[in-house]
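Observations on the model geometry
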Amino acid sequence: MHVGEGITAEGGGTTHRSGQETVKLEASEWGHQWAKDEVYEELQWPDEANHPPSDLTVQKFRDACMTFPEATGLSWDALHPRALCRLSDRTLAMIITILARAERTGNWPEAVELVIIVLLPKSDGGVRPIGLIPWLPRIWMRARRDVATSWERQHDRPFIYAGPAKGADVAAWKQAARAEHAVKSNPVYGIVLLDLVKAFERNRHAYLLQAAIKHDYPLWLLRLSLATYRLFRAVRVGNAHS
């Protein structure tokens, strides 16, 4: 089926679908990937998750806003993060108070509990879902990125290609270079590369919490991060929304 309003081939014939019919079908199919019909397993968070640091300052908030490029894509709220820097320190302090409460409770205010999922065509066929996250969680993620980066540096593993200066392409190129070297020098050489498919959709949050406790990941950061990815989702195809 082609994404968007048009004609689809079904059973040797053609069927005309409106934009609303198309987005309803897409929402149903992606809802299966997101396990929308399953009962969510509420997590039992240790008490330490309720005590985030109180070091988010107005200046740090402004710095986070300015890390977004001028041509950055806008979410459904159409607010560029840099525009917030025009607000007074007093107003930004109020926003930080809201963020502090979200970190303590592990929940976002109801006014921002919506992510619009846009389906973008992939070069090899099919579509890729891109979530348009509202500005408040979006800036919070950028403002708290240093906490996650610091943890990554402290728990670096040479065989895991996630973190600063790492990635799937880096892993592939390094292994290709080692394999080519092995051809010239004749040592015994073998590799196993594991890639996670549908990792975000299929990972049980209870397992993430268990691993976070084991490896000293900031629990308050994980809790609100999971709350961000559990925000209500609506699929958009063209001008139609599920």
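Residues numbered from 1 in each chain as written. Predicted model: local features only at pLDDT ≥ 70, side-chain atom pairs only at ≥ 80, totals over all residues. Heavy atoms only, no water.

Some words on helix 9 (residues 219-229)
Of all 11 residues in helix 9, 10 are buried, a share of seventy percent or more. All of the buried residues in helix 9 are L219, W220, L221, L222, R223, L224, S225, L226, A227 and T228. Of the surrounding secondary structure, the elements contacted by the buried residues of helix 9 are helix 3 (89-105), helix 4 (135-143), helix 5 (145-154) and helix 8 (205-214). (Buried < 20%, exposed > 50% of the residue type's maximum accessible area, 1.4 Å probe, protein only. Helix = DSSP H or I, 4+ residues; strand = E, 2+ residues; numbered from the N terminus. Contact = heavy atoms within 4.5 Å.)

Topic: a nonpolar patch on the surface
A contiguous nonpolar surface patch, about 280 Å² in accessible area, is contributed by Y189, I191 and L193. When you line up the elements, Y189 lands in the loop between helix 6 (168-185) and helix 7 (199-202). (Patch = residues over 30% accessible without salt bridge, like charges linked within 9 Å, V, L, I, M, F, W, Y side chains within 5 Å. Areas by Shrake-Rupley, 256 points an atom, 1.4 Å probe, with all protein chains shown as cover. Salt bridge = Lys/Arg side-chain N within 4 Å of Asp/Glu carboxyl O.)

Focus on the side chain of E103
Relative to the helices and strands, E103 is located in helix 3. Once residues within four sequence positions are removed from consideration, E103 is found in contact with A49, P52, P53, W140, R144, W220, R223 and L224.

Observations concerning the pairing of strand 4 (residues 127-132)
Pairing geometry for strand 3 (residues 115-121) and strand 4, over 6 bridges, is antiparallel. When the bridges of strand 4 are listed, I116 appears paired with L132. Counted along the chain from strand 3 to the antiparallel partner strand 4, the turn is 5 residues long, and its residue G125 has a positive phi close to 100°. (Pairing = 2+ DSSP bridges.)

A word on the pairing of strand 3
A regular strand places its side chains on the two faces of the sheet in alternate fashion. The element strand 3 is largely enclosed, with a buried count of 5 among its 7 residues. Judged from the 4 bridges that link them, strand 3 and strand 5 (residues 233-237) form a sheet pairing that is parallel. Looking across to strand 5, one finds that V118 is bridged to R236.

Observations regarding the packing of helix 3 against helix 4
Relative to each other, helix 3 and helix 4 sit at 80°, their axes nearing to 11 Å. Put simply, helix 3 runs roughly perpendicular to helix 4. Two secondary-structure elements touch here, helix 3 through I95, I98, L99 and E103 and helix 4 through W135, L136 and W140. Looking at side-chain class alone, the contact of helix 3 with helix 4 contains 6 nonpolar, no polar and 1 charged residues. (Axes fitted to C-alpha atoms, helices over the stretch in contact; angles between N-to-C directions. Parallel < 35°, antiparallel > 145°, perpendicular 65-115°, else oblique. Nonpolar A, V, L, I, M, F, W, Y, C, P; charged D, E, K, R; others polar.)

Comments concerning the environment of D47
Position of D47 among the secondary structure elements: in the loop between helix 1 (19-33) and helix 2 (58-66). Separated by 172 residues in the primary sequence, D47 and L219 place their C-alpha atoms 9.4 Å from one another. Here H51 takes part through its side chain, which lies 3.1 Å from a polar atom of the side chain of D47. (Polar contact = N/O pair within 3.5 Å; in protein donor to acceptor, adjacent residues only side chain to side chain.)

Thoughts on the pattern of salt bridges
Counted under the stated rule, the structure contains 8 salt bridges. R62 is the partner of D89 in a salt bridge, and the nearest nitrogen-oxygen pair spans 2.6 Å. One end of the pair, D89, is in helix 3; the other, R62, is in helix 2, and 27 residues separate them in sequence. Owing to a relative accessible area of 45%, D89 belongs among the partly exposed residues under this scheme. For R62, a relative accessible area of 17% corresponds to the buried category.

Examining the state of the cysteines
According to the stated counting rule, one finds 0 disulfides in the structure shown. The thiol sulfur of C65 is not disulfide-bonded, and the nearest other cysteine sulfur, from C85, lies at 4.6 Å. For C65, a relative accessible area of 0% gives the class buried. (Disulfide = S-S within 2.5 Å.)

Quick word on the nonpolar core
With 45 residues, the main nonpolar core has F61, W108 and V235 as its most contacted residues. The greatest single-element share of this core, amounting to 7 residues, is contributed by helix 9. Residues within four places of F61 in sequence aside, it is in contact with L84, L92, I95, I96, L99 and I139. (Core = buried A, V, L, I, M, F, W, Y, C linked by side-chain atoms within 4.5 Å.)

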